[in-house]
Amino acid sequence: MQNIKESNFSEITMQAIFFLSALISVLAVLAICLFLFMRGIPAIAEIGAIDFIFNEKWGPTNTPASYGILSMIVGSIYVTAGAIVIGVPIGLLCAIFLVEFCPSSVYKIVKPAVNLLAGIPSIIYGFFGMEAIVPFVRENMGGNGYSIMSASIILGIMILPTVISISESSIRAVPESYAEGSYGLGATKEETVFKVVVPAAKSGILTSIILGIGRAIGETMAVVMVAGNSVMPLDKIKILKPIRTLTTNIVTEMSYASGLHESALISTGVVLFVFIIILNASLSSIKSKAQRN
Amino acid sequence: MDRTLDNLKQRKIKSQIFKSFVWFCGILTVGILVYILLFILLKGVPKINMEFLFGEYNSETLSAFSSIITTVQMIVLSLLISVPIGVFCAIYLAEYSKRGNKPVKVIRLAIDTLAGIPSIVYGLFGMIFFVNILGFRASVLSGVCTISIMILPVIISSSEEAIKSVPDTYREGSLGLGATRLRTVFRIVLPTAMPGILAGIILAIGRIVGETAALIFTSGTNVLKYPSLDLFASQRTLAIHMYMLASEGLPHSRDMAFATGAILILVVFFINYSTTKLAGRIGRMQND
Amino acid sequence: MTDKIKIENVELYYGEFQALKNINMNIKENEITAFIGPSGCGKSTLLKSLNRMNDLIEGVKITGRMLLDDVDIYKDMDAAVLRRRVGMVFQKPNPFPMSIYENVAYGPKTHGIKNKSKLDEIVEKSLRSAAMWDEVKDRLKKSALGLSGGQQQRLCIARAFSVNPEVILLDEPTSALDPISTMKIEDLLVEIKKDYTIIIVTHNMQQATRISDKTAFFLHGKIIEFDETERLFSMPKNKKTEEYITGRFG
């Protein structure tokens, strides 16, 4: 009898501990939201929300100081868009390759290569970008190399594993019967893959793109080493010219910022954070829409 | 459809073009990887010498020794915090929670959110909360605390998946013999799920090793002459060491940045290799 | 009536396993031929060889000749062209996850028809041939996956019509359907046979007697008997045939 009582007690205690451990994640998210907003929102209020978001002038050390992050928002959008333009077509075609055209001997090489790409730290990508991509852009395209173009190339490479893995699973999950129906009508393999199988996987492919966007827009180190980090007035933004993004804004100035300047940088982080939340929310709604179908 | 035969030629050409694009992208992806690896390894490995690995830090050696020790310290301590919490959380989700009830949905949402937060935002949070509010200052301790939260989703997902793939027949066998839920979990389920949990831990190690943005403002960029285990000192990790060297712009720093990069890549190789090995072991176990 | 399809000394191997042994038969034009036999006897395998769908399976080896209008379908014909001329309806309905219109337009589009009004015409004609037009004409843009099982299968038949085939192969097309849909499809086949050559694999002997002109009985990869349907079922020549149709096995 005593054993049962003892084991009941430890059973219940451990269950509570398991539950509390699970709650820690919730606690962590709440803490992150709380403290970020606590430091970030007052600064936005002081600068003025409209002014903060829509002013293209960022000059915390000027007199009078200006704290507009519009140029950085546009910068983040441009390099992310560039990353998508470069990374998604290559990634999607590579995923199609892995599922439909790749012999198993080649798969054993390409699939681990994709996994390895996923594990490479951002600093390596950034350094590679600085030492290889920047000179390449400088010599073959113009400008001094530190540019939106270089950032887009590096980010495009970085999102490849995300796009490839998730698109690969989605394409594999398409029922064989669709392809059979297409072959039965006299379509070639390529026609079948391109017109029936891949479109059937579009919700998974879209998910991979959105996750790629999340990755690209949150990337700091790789971008800071190739993008030049000058704050560009909107009318001067060009693909071969330098740019500063929301992320690089923070890392470039934080070490010497204080007071309102420091808080404004934290607010930049808050804007980034909110954007990621919105991205995740749209992802969930796409997933649940796909499930309902 | 009598034009079928001319049209067929056109279709065959289009099909061949598509096929070549597809093959091209497959090969391109591998090519990009190989290029990046060779680029760094070929310039970096020759620069690695004993002084760089084990010497004291000064402007000549630019030694990575203290950064390496700091990185190891960071890994060990963060895992000590996150693995128990993460595995317990996974146990809760896989073994004790009921499908789709309110708390579970909230917890999963929280985990997904944590997984999506960019490292720089973690860095900012760490700076605000651990460095400033809790007063840990820029230190290894602040870094450890920040990293622990960051790797939590990784540990939780892989552990949960590992626990879920333990066949129910094992659990039924244990419970059928009169063992409690708890005993079943600790004696039967967890040991069986160990390879998967280990794979998650190794993945987390990979993330810690490569992390920079979350640590720049928490554990800082400072480098001590000799390696130190002082938790309250600000010390840089290996990845940050590389970043600092790369940003200095001097030829010697640049060389040693390559060297640091080479070390990082070799570590990533090793981690990748171990996860693949473990995944193979898990696969074989499940087929028994 | 001419021989639309000639099968000469065909043997088929899945790796080591021989699924078809010494198959010889001629299929006449504008008739419905039924393949019957117990599971695993080779009837579906032979069917899928007629439009080279077996090419998609690894490790399949075929010897012998199969001729469509006296042209060797393996040596002298491109598979894509063959499959336009020899259409197939599968056991489980498999409409594409697209609109009803797009499902039927897929075939003609693939084979080069781009003109919108021509496509509209073909879609309507195909759906009418499958006795479906009135049912779906007001929801052509809706997803095909929203149709019932029977409707989906008739859509697949309409889809098969869309490329103007000469032969239609059906692999147990009604086995997953309710009796009313089954009846609709059987009536359809009887009505269209004057314009097509139809081969149907079926587990349902009553179905074979209802609609087919000729029946082939398969066992262990061989054709045991091939005759006019009426004769095969009333006076089977082979003992095994008699045992099968009287239900003693299979």
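No experiment lies behind these values; they were computed from the predicted model shown.

Rules of the game
Residues numbered from 1 in each chain as written. Chains lettered and ligands numbered in written order. Predicted model: local features only at pLDDT ≥ 70, side-chain atom pairs only at ≥ 80, totals over all residues. Helix = DSSP H or I, 4+ residues; strand = E, 2+ residues; numbered from the N terminus. Buried ≥ 20, exposed ≤ 12 C-beta atoms within 10 Å, placed from the backbone. Contact = placed C-beta atoms within 7 Å. Pairing = 2+ DSSP bridges. Axes fitted to C-alpha atoms, helices over the stretch in contact; angles between N-to-C directions. Nonpolar A, V, L, I, M, F, W, Y, C, P; charged D, E, K, R; others polar. Domains from an automatic or database assignment. Parallel < 35°, antiparallel > 145°, perpendicular 65-115°, else oblique. Left-handed = near helix turned anticlockwise from the far one by under 90°. Expected span 1.5 Å × (residues − 1). Arc of directions from axis to C-beta. Bend = angle between axes of the 7 residues up to and from the residue.

1. Some remarks on the overall build of chain A
Secondary structure summary: chain A contains 12 helices and 2 strands in total. A principal-axis box enclosing the C-alpha atoms of chain A has dimensions of 75 × 70 × 35 Å. By the burial criterion, 51% of the 293 residues in chain A qualify as buried. When contacts within chain A are restricted to residue pairs at least 6 apart in sequence, long-range pairs at least 24 apart make up 73% of them.

2. Topic: the sheet that holds strand β7 (residues 167–171) of chain C
All names here are of chain C. Read across the open sheet, the 6 strands follow the order β6-β7-β8-β3-β9-β10; overall the sheet is mixed. The sheet terminates laterally at β6 (86–89) and β10 (222–228), the two strands that pair on one side only. Averaged over neighbouring strand pairs, the angle between their axes works out to 15° when direction is ignored. Both strand β9 (residues 214–219) and β10 contribute to a ladder of 6 bridges, which runs antiparallel. Directly across from Leu219, in β10, lies its bridge partner Lys222. Helix-sheet contacts for helix α6 (residues 149–161) involve β6 and β7, and the interaxial angle to β6 is about 170°.

3. Some thoughts on the sheet that holds strand β5 (residues 71–72) of chain C
For sheets, the rule is that strands pair by backbone hydrogen bonds, running either parallel or antiparallel. Residue and element names in this part refer to chain C. The strand order across the open sheet built from 4 strands is β2-β1-β4-β5, with neighbouring strands paired in antiparallel fashion. Edge positions in the open sheet fall to β2 (17–28) and β5, since each of these has one partner strand only. Bridge count between strand β4 (residues 60–68) and β5: 2 bridges; the pairing is antiparallel. The partner of Leu67 across the bridge, within β5, is Asp72. This element, helix α1 (residues 43–50), spans β1 (3–14), β2 and β4 of the sheet and lies at about 65° to β2.

4. Things to note about the interface of chain B and chain A
At the junction of the two partners, chain B supplies 66 residues and chain A supplies 67 residues. For the side of chain B that touches chain A, the per-class residue count stands at 48 nonpolar, 13 polar and 5 charged.

5. Some details on the environment of C:Arg84
With respect to the helices and strands, the residue C:Arg84 is situated in helix α2 (residues 79–85). Between the alpha carbons of C:Arg84 and C:Ile168 there is a distance of 10.0 Å; along the sequence they are 84 residues apart.

6. What about the domain arrangement of chain A?
Residues and elements named next belong to chain A. Assigned domains of chain A: these are domain 1 (2–47) and domain 2 (70–292). Each of domain 1 and domain 2 has a C-alpha centre, and these two points are 33 Å apart. Facing the 9 residues of domain 1 at the interface are 8 residues of domain 2. The residue makeup of the side of domain 1 that touches domain 2, split by class, is 6 nonpolar, 1 polar and 2 charged.

7. A few points about the pairing of strand β3 (residues 32–36) of chain C
Residues and elements named next belong to chain C. The buried fraction of β3 amounts to 5 of the 5 residues, a majority that puts the element mostly inside the structure. Of the two faces of β3, the one holding Ile32, Ala34 and Ile36 and the one holding Thr33 and Phe35 are both buried throughout. The pairing of β3 with strand β8 (residues 197–201) spans 4 bridges and is classified as parallel. Within the sheet, the bridge partner assigned to Phe35 lies in β8 and is Val201.

8. Some remarks on the domain arrangement of chain B
All names here are of chain B. For chain B, the assigned domains are domain 1 (4–47) and domain 2 (51–286). Here domain 1 and domain 2 have C-alpha centroids that lie 34 Å from each other. For the side of domain 1 that touches domain 2, the residue count by class is 4 nonpolar, 1 polar and 2 charged.

9. A word on the pairing of β7(C)
All names here are of chain C. Buried residues dominate β7, accounting for 5 of its 5 residues. Judged by which residues are buried, β7 turns out to be covered on both faces: Val167, Leu169 and Asp171 on one side and Ile168 and Leu170 on the other are all buried. In this structure, β6 lies alongside β7, joined through 4 bridges in parallel fashion. Bridged to Val86 within β7 is Val167. With 5 bridges joining them, β7 and β8 adopt parallel strand pairing.

10. Here we look at the packing of helix α3 (residues 70–101) of chain A against helix α9 (residues 202–218) of chain A
All names here are of chain A. Taken N-terminus to C-terminus, the directions of α3 and α9 make an angle of 140°; their axes are 9 Å apart at the nearest point. Considering their axes alone, α3 and α9 lie oblique with respect to each other. As α3 runs across α9, the sense of the crossing is right-handed. Judged by residue contacts, Ser76, Thr80, Ala83, Ile84, Gly87, Val88 and Leu92 of α3 engage Ile205, Ile209, Gly212, Ile213, Ala216 and Ile217 from α9. Considered class by class, the residues forming the contact of α3 with α9 number 9 nonpolar, 4 polar and no charged.

11. Looking at unusual backbone geometry
Following A:Thr63, the chain continues into A:Pro64 via a peptide bond in cis, with omega recorded as -5°. Assignment of secondary structure puts A:Pro64 in the loop between β1 (58–59) and β2 (66–67). If you check the backbone angles, C:His220 has positive phi at about 50° while not being a glycine. Among the structural elements, C:His220 can be located in the loop between β9 and β10.

12. What about helix α7 (residues 179–192) of chain C?
Residues and elements named next belong to chain C. Here α7 contains 14 residues, and its C-alpha end-to-end distance of 20 Å stays within 8% of the 20 Å for a straight helix at 1.5 Å per residue. What α7 keeps buried is the set Ser181, Ile185 and Leu189. Axial view of α7: buried residues confined to an arc of 75°, hence all on one face. Turned more than 90 degrees away from the buried face of α7 sit Pro179, Ile180 and Glu191, all of them exposed.

13. Side note on helix α5 (residues 122–140) of chain A
Along its length, α5(A) shows its largest kink, about 40°, at A:Gly129. A:Gly142 occupies a position one or two residues after α5(A) and carries a positive phi of about 115°.

14. A short note on the environment of A:Val88
All names here are of chain A. Along the polypeptide, Val88 turns up in helix α3. For Val88, a count of 20 C-beta atoms within 10 Å gives the class buried. Along the sequence, Val88 and Ile209 sit 121 residues apart, while their C-alpha atoms lie 7.0 Å from each other. With near-sequence residues (within four places) excluded, Val88 lies in contact with Val163, Ile209 and Gly212.

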